[in-house]
Amino acid sequence: MYDLGYFRNHLDAIAARLADRGFSLDIDAFRKLDGERRSALTESEQLKAQRNAESQEIGKLKKAGEDTTVRQNAVREMGDRITALETTATDLDEQFKLMLAGVPNTPHASVPTGKSADDNVEVRRWGAPPSFSFEPKPHWDLGPELGILDFDRAAKITGARFAVYMGLGAKLERALINFMLDVHTQQHGYTEVLPPFVINSASLYGTGQLPKFEADLFKLRDTDYYLAPTAEVPVTNLHRDEVLDLDQLPIKYCAYTPCFRSEAGSYGRDVRGIIRQHQFQKVELVKFARPDNSYDELEALTLDAEDILQRLGLAYRTVVLCTGDTGASSAKTYDIEVWLPGQNGYKEISSCSNFEAYQSRRASIRAKSGKGKPEFVHTINGSGLAVGRTWLAIVENYQQADGSIVVPEALRPFMGLEVIRAR
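Source: prediction; values computed, not measured. (Residues numbered from 1 in each chain as written. Predicted model: local features only at pLDDT ≥ 70, side-chain atom pairs only at ≥ 80, totals over all residues. Heavy atoms only, no water.)

1. Comments concerning the sheet that holds strand β12 (residues 345–354)
Strand order across the open sheet formed by eight strands is β1-β10-β11-β12-β15-β9-β8-β4, with mixed pairing between neighbours. Looking at the sheet topology across the chains shown, the edges are occupied by β1 (121–126) and β4 (191–193). Pairs of neighbouring strands in the sheet enclose a mean axial angle of 25°, with direction left out of account. Inspection of the sheet shows β1 paired to strand β10 (residues 316–320) by five bridges, in the antiparallel sense. (Pairing = 2+ DSSP bridges. Helix = DSSP H or I, 4+ residues; strand = E, 2+ residues; numbered from the N terminus. Axes fitted to C-alpha atoms, helices over the stretch in contact; angles between N-to-C directions.)

2. Things to note about the pairing of strand β13 (residues 365–368)
Only one face of β13 is buried, namely the one carrying I365 and A367, since none of R366 and K368 on the opposite face is buried. Bridging between strand β7 (residues 242–245) and β13 involves four bridges; their strand directions are parallel. Of the residues in β13, the one forming a bridge with V243 is R366. Examined bridge by bridge, β13 and strand β14 (residues 375–376) share two bridges and lie antiparallel to one another. Paired with A367 across the bridge in β14 is E375. Where β13 folds back onto β14 in an antiparallel hairpin, the turn is made up of six residues, including G370, whose phi is positive at roughly 60°. (Buried < 20%, exposed > 50% of the residue type's maximum accessible area, 1.4 Å probe, protein only.)

3. Looking at the nonpolar core
Ranked by size, the top nonpolar core spans 53 residues in total, and within it L176, W391 and L411 carry the most contacts. Counting residues per element, this core draws most heavily on helix α7 (residues 168–186), at nine residues. L176 has contacts with L312, V387, T390, W391, I394 and L411, leaving out every residue within four places of it along the chain. Among the nonpolar cores identified, the runner-up in size contains 17 residues, and F7, L18, L33 and L100 belong to it. (Core = buried A, V, L, I, M, F, W, Y, C linked by side-chain atoms within 4.5 Å. Contact = heavy atoms within 4.5 Å.)

4. What to know about the sheet that holds β7
Taken together, the three strands give an open sheet; going across it, the order is β7-β13-β14, and neighbouring strands pair in mixed fashion. Two strands bound the open sheet, and with one partner strand each, they are β7 and β14.

5. Describing the pattern of salt bridges
When their charged atoms lie close together, side chains carrying opposite charge are able to pair. Applying the stated rule across the entire model yields 28 salt bridges. With a shortest N-O distance of 2.9 Å, D93 and R8 are connected by a salt bridge. Taken together, the positions of D93 in helix α4 (residues 69–100) and R8 in helix α1 (residues 4–9) put the pair 85 residues apart, joining distant regions of the chain. Judged by its relative accessible area of 16%, D93 falls in the buried class. What makes R8 buried here is its relative accessible area of 15%. When salt bridges that share partners are traced, they join R8, D34, R37, R38, D93, E94 and K97 into one network. (Salt bridge = Lys/Arg side-chain N within 4 Å of Asp/Glu carboxyl O.)

6. Section: the side chain of N397
On the secondary structure map, N397 appears in helix α12 (residues 387–397). Beyond its immediate stretch of four places on either side in the chain, N397 contacts P130, F132, L314, W339 and P341.

Written out as C-alpha cells, the structure reads:
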C-alpha cells in the first residue's frame, strides 16, 4: 500500500516504474476518482463557509425581530447537501483505496529492469554441484525406492500434489525443521514463534495476499478463515495495529509452519515429485526494520538463509529478481536456488524480500522513538528454508550408487545415523 498523498502527487512517476514490472496503472481512473472526491470536498467546504455566514446573518435578523423561516430552511438544505457531499467524498475515497490495494509495490532503484526470470541477475554462487560415477536419479524415484516417500497413498488420502513421508523420510523432514530453527535462534539471533496455521482475511490483506491473490488460497467454508500460505502472514501480523519502539528494531522472528497453496495458474509446472505441492513445510524468517537500514537487514537475512545451505554442503546460487519477476508486494527480492542433480539445474529454495512500507501501511505497523512521530516500519522476510525442497536437495545430492542417501554431517545429531538405506 502506498501513502495516499504521495501516490496522488506522483502518479506519473509511479506508473512509469510500475510499467517496468509489466503493470499498467490506470492513471485516468485514479485521477477521475480523485477529481470527483476533491470536487465534492471543495463544494462541501464552500457550503460550510456559506452556511456559517448565513447563520450569523440569521442571528442578527432574529435579534431585530424579523422572520427568518425561509432563510433557516435554506440553511437546513445546505446542511443536507454538505452531508451528502461528505458521504460522496468518503465513498470515493474508499473506492480509491480499494483500487490502490491492487497496485503492486514500486521496485527499488537497484532492481534490474526485465520482463521474466530470464532477466534475473546472478549475484553470487557457492559450492560446486557434485559429480557422480553413475546416472543420478530424481527424488521421485529415489524416495519411493527407499520407502521414505509415498505419492500413491497421498493421492488416495487427498489427491494430486500431496505426499506422505515415511520412516526415515519423515524423520529427515523433522530433523531439517529442528536444525533450521536451532541455527536461526541460536546462531542468527531470531526469536522462535509458533503461530496459528489458520488466519483471517485482515491478516492476508495486511501482507498483500488479499485481494489480489485469493485464487492461490484455501478458504475454510462459511468462515473468514484461510489456511496459511506461508508463516510470513501470521508472523508479520503479530504486530498489526501496533506502535513499536524504534530503538528496539530490528525485531527478528523465525517460525515453522505447514503452508497451503492452491498453486492456481501453475498447472503443468513441476508436476512430479515434491517441488510444487499443495501442502509443504517451511521455516520462515521475518524482520521488522528501521527504514534507514532495511536493505542492510535484507542482505543479512539472505545470508542467514544461505548459511543453512552451506552447513548442509548444498551448492547454490543467489539471484536478484528483475522488475518483471518480482512479487507484487516486494520492492526487492533475492532468490536462492539450490542445485538439484535430478533436474540438472538450480531450483528456487528461498525468496528473501524487502517490502519497505508496503505491508506495514496495510497492517498499520509503526514505530517511534521517545516523543517522535510514529513512522511505518519496513518488513522483510524469506524462507530459511523451504523444508521439502531442502529434503529433496539432500536426497538428490547425497545419493549413492546403491540407492542409499548419505546424511549431511550437520544433520547427523538430529537423525542419529549417517546413511539412509532401504528397509
